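Observations on the model geometry
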Amino acid sequence: PRYTYYLLNEPPFTYLCLAKTGFSKLKCLSYLKDIRDQFNTLPSIDRETTIAYGLNSKLEVAMKQKMVMG
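Moving on, we come to the packing of aromatic side chains. In this structure the tally under the stated criterion is 2 aromatic pairs. Their ring planes at 70° and their centres at 5.1 Å tell us that Phe13 and Phe39 sit as a pair that is edge-to-face. Remark: Phe39 occurs in helix α1 (residues 25-41) and Phe13 occurs in strand β2 (residues 13-20); sequence separation between them is 26 residues. Take Phe39: its relative accessible area is 4%, and that puts it in the buried class. Each ring, one from Tyr15 and one from Phe39, has its centre 6.2 Å from the other, and the planes form 70°; the classification is edge-to-face.

In structure tokens form, the structure reads like this:
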């Protein structure tokens, strides 16, 4: 299958969604905004020094739920 990626760039972070080509662009961008909003509500995180993948355990469940609901 072919894939398309969507980006939401809000420095200092860039959020990425990879989807099969033809999947709804609107749904992908909505997903990215939901994840960004959830990330921004996490308490006591130094967003300037967060290590890549360091927040997986905090966001993983929410991300999976949103992907399944698609």
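Relative to the helices and strands, Gly22 resides in the loop between β2 and α1. Among the residues examined, Gly22 registers a relative accessible area of 74% and is labelled exposed. Put simply, Gly22 and Arg2 are 20 residues apart on the chain and 8.9 Å apart in space, counted from C-alpha to C-alpha.

To continue, consider the nonpolar core. Core analysis: the largest hydrophobic core is formed by 12 residues, namely Tyr6, Leu8, Tyr15, Cys17, Ala19, Cys28, Tyr31, Leu32, Ile35, Phe39, Leu42 and Leu59. Within the residue set of this core, elements represented by two or more residues are β1 (3-10), β2 and α1. With 5 residues, the top contributor of residues to this core is α1. With sequence-adjacent residues up to four places away left out, Tyr31 is seen in contact with Cys17, Met63, Lys66 and Met67.

Definitions and limits used
- Residues numbered from 1 in each chain as written.
- Predicted model: local features only at pLDDT ≥ 70, side-chain atom pairs only at ≥ 80, totals over all residues.
- Heavy atoms only, no water.
- Phe/Tyr/Trp six-rings, centres within 6.5 Å; stacked < 30°, edge-to-face > 60°.
- Helix = DSSP H or I, 4+ residues; strand = E, 2+ residues; numbered from the N terminus.
- Buried < 20%, exposed > 50% of the residue type's maximum accessible area, 1.4 Å probe, protein only.
- Core = buried A, V, L, I, M, F, W, Y, C linked by side-chain atoms within 4.5 Å.
- Contact = heavy atoms within 4.5 Å.

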